[in-house]
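# Report on the structure
Take a look at the letters that make up each chain.
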Amino acid sequence: MTHVTPARKQSGTSLYGGTSSRRITVRDIAAAKERGEKWPMLTAYDAMTASVFDQAGIPVLLVGDSMGNCHLGYESTVPVTMDEIALLSAAVVRGTRRSLVVGDLPFGSYQEGPVQALRNATRLVKEAGVGAVKLEGGERSADQIELLVQSGVPVMAHIGLTPQSVNAYGGYPVQGRGEEAAQQLLRDAKAVQDAGAFAVVLELVPAELAAEVTRSLHIPTVGIGAGPDCDGQVLVWTDMAGMTDGRVPRFVKQYAQLRQGLGDAARAFAEDVVGGAYPAEEHSFH
């Protein structure tokens, strides 16, 4: 298990460690960029886990379509539906008090165009209560972002590796290598900023390029496999906490080994039941 060094004392306005009990908003995210503050983001898919992260001070929780891989048993994010995102987003909102909850727009829910994107984003805001939505794509998604923002829906963009395009990529390759690809990523970053996104996720991007993007934008960047210079960092919580079975991506740092601990607890329970040690007298009613 990795030991975490205690965080330095934070001010009341900080995203992580701040003392305010109200919901984090996109204005708070913008202010953190101005202060040069780095901040953490985690995924969450249920009320109980979300409440743990909320109480730990995580300022932004993403109800990601990564639920497909690590929560719903799919092989990728592609099969995730709006119904699934809406259901789990509402659970995360109910389990939190301070975190800004961002709901993912899944594959097929915005690619038709801005009107489709607005219809589905509105559903997440109205039915689930999310404070913002996230969608993938740079220049190709700029029109969707612009309409959503104009309509009052804050948008977090996502460029670099976009997992919903796994079938087109043929896997999960690093993006932005080479001059042409780097220039395209820079254009994508500027396009989502100009369209009104309040932040942009950079996934699987060379660290030097991510640093250049971060310097060139006035909105925050959130890295995942994009080096140390992004304004924020996000991990899928099951990767971060050691719940994922098998190999994890190179950029993941595991801060616990919950899969092993949970398995140990299940085996201890089973052995107590089989051996007659549970339930004992103190667990019984008379």
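This one's a predicted model, so the numbers in the text were calculated from it and none came from an experiment. (Residues numbered from 1 in each chain as written. Predicted model: local features only at pLDDT ≥ 70, side-chain atom pairs only at ≥ 80, totals over all residues. Heavy atoms only, no water.)

We now examine the side chain of Ser89. Residue placement: Ser89 occurs in helix H4 (residues 82-94). Within the structure, the side chain of Ser89 is placed 2.7 Å from the backbone oxygen of Ile85, a separation counted as a polar contact. Ignoring anything within four residues of it in the chain, the contact list for Ser89 reads Val63, Gly103, Leu124, Ala128 and Val130. (Helix = DSSP H or I, 4+ residues; strand = E, 2+ residues; numbered from the N terminus. Polar contact = N/O pair within 3.5 Å; in protein donor to acceptor, adjacent residues only side chain to side chain. Contact = heavy atoms within 4.5 Å.)

The next point concerns the nonpolar core. Counting residues in hydrophobic clusters, the biggest one holds 58 residues, and the most contacted among them are Leu105, Val133, Leu148 and Leu202. No other element matches the seven residues that H4 contributes to this core. Counting residues in each nonpolar core, the second largest holds 18 residues, with Ile29, Leu100, Met156 and Val201 among its members. (Core = buried A, V, L, I, M, F, W, Y, C linked by side-chain atoms within 4.5 Å. Buried < 20%, exposed > 50% of the residue type's maximum accessible area, 1.4 Å probe, protein only.)

If you trace the backbone, Gln193 turns up in helix H8 (residues 179-195). Given the relative accessible area of 10%, Gln193 is considered buried. Here the side chain of Gln193 touches Ile219 through a polar contact of 3.4 Å, landing on its backbone nitrogen. In this structure, Gln193 is in contact with Leu217, His218 and Ile219, ignoring residues within four places of it in sequence.

Moving on, we come to unusual backbone geometry. A cis amide bond links Tyr278 with the next residue in sequence, Pro279, at an omega value of 0 degrees. By secondary structure assignment, the location of Pro279 is in the segment after helix H11 (258-275). Of note in the backbone geometry, Leu204 takes a positive phi value of approximately 50 degrees without being a glycine. Relative to the assigned elements, Leu204 resides in the loop between strand S6 (199-203) and helix H9 (207-216).

This part covers a nonpolar patch on the surface. There is a patch of nonpolar side chains on the surface, built from Phe269, Val273 and Tyr278 and spanning about 290 Å² of accessible area. By the secondary structure assignment, Val273 is in helix H11. Judged by its relative accessible area of 41%, Val273 is partly exposed. (Patch = residues over 30% accessible without salt bridge, like charges linked within 9 Å, V, L, I, M, F, W, Y side chains within 5 Å. Areas by Shrake-Rupley, 256 points an atom, 1.4 Å probe, with all protein chains shown as cover. Salt bridge = Lys/Arg side-chain N within 4 Å of Asp/Glu carboxyl O.)

Counting buried residues in S6 gives five out of five residues, a clear majority hidden from the surface. The side-chain alternation of S6 yields two buried faces, one formed by Ala199, Val201 and Glu203 and the other by Val200 and Leu202. Of the strand pairs in this sheet, strand S5 (residues 155-160) and S6 are connected by five bridges, and their pairing is parallel. Opposite Ala157, over in S6, you have Val200 as the bridge partner. Taking the sense of rotation as the criterion, the β-α-β connection linking S6, H9 and strand S7 (residues 221-224) turns out right-handed. (Pairing = 2+ DSSP bridges. Right-handed = clockwise from strand over helix to strand, strands pointing away.)

Side-chain pairs of opposite charge can arise where the charged atoms are in close proximity. Tallied over the full model, the rule gives eight salt bridges. Glu37 serves as the salt-bridge partner of Arg35, at 2.4 Å between the closest nitrogen and oxygen. On the accessibility criterion, Arg35 (39% relative accessible area) is partly exposed. Where Arg123 meets Asp83, a salt bridge forms, and the shortest distance between an N and an O atom there is 2.6 Å. Here Asp83 lies in helix H4 and Arg123 lies in helix H5 (residues 114-128), a separation of 40 residues in the sequence. On the accessibility criterion, Arg123 (24% relative accessible area) is partly exposed. Classification of Asp83 by relative accessible area gives exposed; the value is 52%. Each of Asp83, Arg123 and Glu127 takes part in salt bridges that share partners, so that together they form one network.

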